[in-house]
Each structure stands twice: as C-alpha cells, then as structure tokens.
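# Residue-level structure breakdown
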Amino acid sequence: VVLEESGGELVQTGGSLRLSCVASGFTFGKFDMTWVRQAPGKGLEWVSFISASGLTVTTADSVRGRFTISRDNARNSLFLQMDSLRVEDTATYYCVRESNNGWYLDWGQGTLVAVS
Amino acid sequence: EIVLTQFPDTLSLSPGERATLSCRASQSVRFNNIAWYQQRPGQAPRLLIYDVSTRPTDIPERFSGSGSGTEFTLAISRLESEDFAVYHCHQYGLAPYTFGQGTKVEIK
C-alpha cells in the first residue's frame, strides 16, 4: 500500500490550496478515506472523512465550511480543497486509509501546509 | 467529543526495559474501539494495535494493549532501539474520532 500526498506549500492567510493523494496497492474504491493533520510539535487531529462511495462526508468543526473532501475512484485519488486558510491550519496533512471499523490502516508520508 | 489524555508525556527508559503507557478517556469508549500508533521522528504514524489489544501481523509480539471503559494501556515488554518514538492513542467509537496528545518514549 502506498499513499502519496502532494499539494502542500507556503500560502498566505485567506488563500486556498488543493491537496491530492494518489493511492496504490489496494482497491481504492472499496475503502473509506480520511485526512488527519498534525501541527508542528503537536498531536494528531482528524480533519475529514469520506466513505468509499463518496456519498458520506464528515468534517471537523474547526474546518467545516472551509475545507472540502472529495475522491475520484477511477483515478485512485483523494482530495482536500482548503479555502480561507488560517495560521492555525499550518500542519502536515496525512492521507489515511481507514478500516471498516474505524481504525487507521495506512498513512501517507504527509504534505506540509504552512500559512503565514 | 471524547477527550483522550495520555500519560506520562515523556517516558525515559533504557533499551531492554519495559514501557507502560496510559490513555484515559473522558467517557467510556464504545466497543473498546481504541487503537495505538507509533510515530518515529520525521515519519508518519504506523498502526500498532487496534480494538484495544489486537496486533496487525507485522507488529512484534513485544507490543501489547489492554484496558476497557475509560482506561487503556500500551505495553512494550523489552524496549529496542527502534521503539524510541512517540505513541498516540486513538478512539473510533464515537464521532468525531479523537487522539491523545502523545507520549514520547526517549532513551534514558
């Protein structure tokens, strides 16, 4: 299993970014996926979830209305559209494959988003 | 939401010693839906334990999990050099899923 994130960079407050995650080594369309972030030197924080079909989406209160998760099963890809970015969104963002019961099976190496 | 508190924040031990890490939940975790992840410096987290005490096949036997309700423990029977890392507990019994703040296991 490989999860490869991209799209993180330095952006100004109020700006936008689109993170991508390309998956391989498993049948992408059969698994729920999640974005988890980690601010520098801090713990892990769940950001957003999308079901295997894409029909169910949930988002943390801290980013609701600003971040949108989506997926393209034909391209084995997961996305996170991030708008109205704030300094407190600065973090490494991980693409995560979720088990049927909720624990996190596999993690990408992460992509760093820095907001100044 | 369920708040997870890990203690201690830092554990200083020598290779070969036993490590015991704790995770306390602010309310009972349904179905014992607790996982533990290891995060080595500069790396992504890796699944160690799920459903309180189940190890994936690629995780060494020296790692074990226990607990129920609001109190959970990760034990490492004999620390090896690659075990010095940060460990995170995670509850997936109630949305939103949450994590503890992490416990760092460092070389004494």
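Scroll up a little and you will see the structure.
Residues numbered from 1 in each chain as written. Chains lettered and ligands numbered in written order. Predicted model: local features only at pLDDT ≥ 70, side-chain atom pairs only at ≥ 80, totals over all residues. Heavy atoms only, no water.

## Focus on the environment of A:Cys21
- Mapped onto the fold, A:Cys21 is located in strand β3 (residues 17-24).
- Apart from residues no more than four positions distant in its own chain, A:Cys21 is found in contact with A:Leu3, A:Glu4, A:Glu5, A:Trp35, A:Asn76, A:Ser77, A:Leu78 and A:Cys95. (Helix = DSSP H or I, 4+ residues; strand = E, 2+ residues; numbered from the N terminus. Contact = heavy atoms within 4.5 Å.)

## A short note on the interface of chain B and chain A
- Every contact between the two is made by 17 residues of chain B and, on the other side, 16 residues of chain A.
- Taking both sides of the interface into account, the surface hidden between chain B and chain A amounts to around 1,300 Å²; carbon and sulfur atoms contribute 66%.
- Sorting the residues of chain B by area buried against chain A places B:Pro45, B:Tyr97 and B:Phe99 first, and these three jointly supply 37% of that buried surface.
- Viewed at the interface, chain A and chain B are joined by 3 residue pairs in polar contact (both at pLDDT 80 or more).
- Elements represented by at least two residues in the side of chain B that touches chain A include exactly β4 (34-39) and β8 (86-91) of chain B. (Buried area = accessible area lost by both parts, 1.4 Å probe. Polar contact = N/O pair within 3.5 Å; in protein donor to acceptor, adjacent residues only side chain to side chain.)

## Regarding the sheet that holds strand β7 (residues 67-72) of chain A
All names here are of chain A.
- In space, the 4 strands of this open sheet follow the order β1-β3-β8-β7, with antiparallel pairing throughout. Taken across any chain shown, the strands that pair with only one partner, and hence form the sheet edges, are β1 (2-6) and β7. Between one strand axis and the next, the sheet turns by 15° as a mean value, whatever way the strands run.
- Note: β1 against β3, 5 bridges, orientation antiparallel. (Pairing = 2+ DSSP bridges. Axes fitted to C-alpha atoms, helices over the stretch in contact; angles between N-to-C directions.)

## A closer look at the sheet that holds strand β1 (residues 4-7) of chain B
All names here are of chain B.
- Reading across the sheet, the 4 strands line up as β1-β3-β7-β6 and stay open at both edges, with antiparallel pairing between neighbours. A single partner strand is all that each edge strand has here, and the edge strands are β1 and β6 (63-68). Adjacent strand axes in the sheet meet at a mean angle of 20° when their direction is disregarded.
- Both β6 and strand β7 (residues 71-76) contribute to a ladder of 6 bridges, which runs antiparallel. Among the inter-strand pairings, Ser64 is bridged to a residue of β7, identified as Ala75.

## Looking at unusual backbone geometry
- Residue B:Pro8 follows B:Phe7 across a cis peptide bond; omega there is -5°.
- Along the chain, B:Pro8 falls in the loop between β1 and β2 (10-13).
- The omega torsion across B:Ala95 and B:Pro96 is 0°, close enough to zero to call that bond cis.
- Tracing the backbone through its elements, the reader meets B:Pro96 in the loop between β8 and β9 (98-99).
- The phi angle at A:Asn76 is positive, at roughly 50°, despite the residue not being glycine.
- Tracing the sequence through the fold places A:Asn76 in the loop between β7 and β8 (77-82).
- You can call A:Asn76 partly exposed: its relative accessible area is 30%.
- In this structure, B:Phe31 is a non-glycine residue whose phi angle is positive, near 55°.
- Within the secondary structure, B:Phe31 sits in the loop between β3 (19-25) and β4. (Buried < 20%, exposed > 50% of the residue type's maximum accessible area, 1.4 Å probe, protein only.)

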